[in-house]
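# An overview of the molecular structure
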Amino acid sequence: MGRKKIGLAAMAALALALCVSVLLLTTYALFSDTVETDNHLSAGTLKIGLYQTSMTGNQIDTGGTFGDYSESIPSGGRDLKTYDGKVFNIENACPGIYREAAFEVRNGGISTAFGLTLEIVNAAADVQGDAASSALLSQMRITVSWGTDGSETFLLSEEEKTVDLGTVTLPENMAENAVLSSFKVKAEFLNTAENNGAQGGSVSFDIRVTATQVTPSA
């Protein structure tokens, strides 16, 4: 059987803006994130939904040690097309704190295969020229994981990143709102010898998920 070429047919973008605002104090830090979702879904028959299904991580307990953290998510997932609250929210953070959110891309009326990509964009110090914020960019690690073994890890200080989450081929008669693909995004404040240089820093970044409809041709 000969190879088939994949042609781009249409595009729909779900822009999930994760605006991470970090305030680092002398020993412990207040680390708060606000999330703005501005999901535009229109490209012919390409209609998809983006849902958050979990949030896990760790936190500092009353004894000053790390304990498990989990967030209550509505049954069926959180529809990020309509949700106007926070996705990541970390309080009383210190180096070593992390949060990991799980997401699902769901069918909203798709009739063909599509390719899925995730981008980390607009990672920057909130105050230009601020040395602490610049240092913080190199201490925030992002890990994107998907499928059985797909994983990419990078620092916010690196150039804008694009992660290929693969091509999704739909079976016939797939039910509306059925899960098409799933992935996780982990944000981690690294524990390094340079942590003191990031005190008082503040950074932000965006996550952009893009579904591109494809059609096979001979």
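This structure is a prediction, so every number in the text was calculated from the model and none was measured. (Residues numbered from 1 in each chain as written. Predicted model: local features only at pLDDT ≥ 70, side-chain atom pairs only at ≥ 80, totals over all residues. Heavy atoms only, no water.)

## With respect to the overall build of the protein
The number of helices and strands found in the protein is 1 helix and 12 strands. Ordered by position from N to C terminus, the α and β elements of the protein give β-β-β-β-β-β-β-α-β-β-β-β-β. Expressed as a percentage of the 218 residues in the protein, the buried residues total 45%. Restricting the contact set of the protein to residue pairs at least 6 apart, pairs at least 24 apart contribute 77%. Accessible area for the protein stands at about 11,100 Å²; split by element, carbon and sulfur atoms hold 48% of it. (Helix = DSSP H or I, 4+ residues; strand = E, 2+ residues; numbered from the N terminus. Buried < 20%, exposed > 50% of the residue type's maximum accessible area, 1.4 Å probe, protein only. Contact = heavy atoms within 4.5 Å. Areas by Shrake-Rupley, 256 points an atom, 1.4 Å probe, with all protein chains shown as cover.)

## A closer look at the pattern of salt bridges
In the structure shown here, the tally under the stated rule is 5 salt bridges. When the shortest N-O distance is used, the salt bridge between glutamate 119 and arginine 208 registers 3.8 Å. Here the residue glutamate 119 occupies a position in strand β7 (residues 114–125), and arginine 208 occupies one in strand β12 (residues 203–217), the gap between them amounting to 89 residues. Given a relative accessible area of 32%, arginine 208 falls into the partly exposed group. (Salt bridge = Lys/Arg side-chain N within 4 Å of Asp/Glu carboxyl O.)

## Considerations on the environment of alanine 175
For alanine 175, the location among the structural elements is in the loop between β10 (161–168) and β11 (179–189). Considered as a pair, alanine 175 and asparagine 107 are 68 residues apart in the sequence and their alpha carbons are 7.5 Å apart.

## Concerning the confidence of the model for the protein
Taken as a whole, the protein shows an average pLDDT of 73; of its residues, 72% reach a score of 70 or greater. Predicted confidence in the protein is weakest over strand β1 (residues 5–24), with a mean pLDDT of 35, and strongest over strand β9 (residues 150–155), with 94. The low-confidence segment residues 1–44 (pLDDT under 50) makes 147 contacts with residues lying over four places distant or belonging to another chain. (pLDDT = per-residue confidence, 0-100.)

## Here we look at the nonpolar core
Residues Leu118, Ile142 and Phe183 are the most contacted members of the largest nonpolar core, which totals 38 residues. With near-sequence residues (within four places) excluded, isoleucine 142 lies in contact with Ile120, Glu152, Thr153, Phe154, Leu156, Val185, Lys186, Ala187 and Phe205. (Core = buried A, V, L, I, M, F, W, Y, C linked by side-chain atoms within 4.5 Å.)

## Quick word on the packing of aromatic side chains
Enumeration over the complete set of coordinates arrives at 1 aromatic pair. On the basis of an interplanar angle of 25° and a centroid distance of 5.3 Å, the ring pair of phenylalanine 103 and phenylalanine 183 is categorised as stacked. Of this pair, phenylalanine 103 sits in strand β6 (residues 98–107) while phenylalanine 183 sits in strand β11, placing them 80 residues apart in sequence. Judged on exposure class, the residue phenylalanine 103 and its partner phenylalanine 183 are both buried. The residue whose ring lies beneath arginine 78 is tyrosine 83, and the NZ or CZ to ring-centre distance is 4.3 Å. Geometry around tyrosine 51 places arginine 106 over its ring, the cationic atom sitting 4.0 Å from the centre. (Phe/Tyr/Trp six-rings, centres within 6.5 Å; stacked < 30°, edge-to-face > 60°. Lys NZ or Arg CZ within 6 Å of the ring centre and 35° of its normal.)

## A look at the pairing of β11
Pairing between β6 and β11: 9 bridges, direction antiparallel. Opposite arginine 99, over in β11, you have alanine 187 as the bridge partner. Sheet topology note: the strand β8 (residues 140–146)/β11 ladder contains 7 bridges and is antiparallel. Among the inter-strand pairings, tryptophan 146 is bridged to a residue of β11, identified as phenylalanine 183. (Pairing = 2+ DSSP bridges.)

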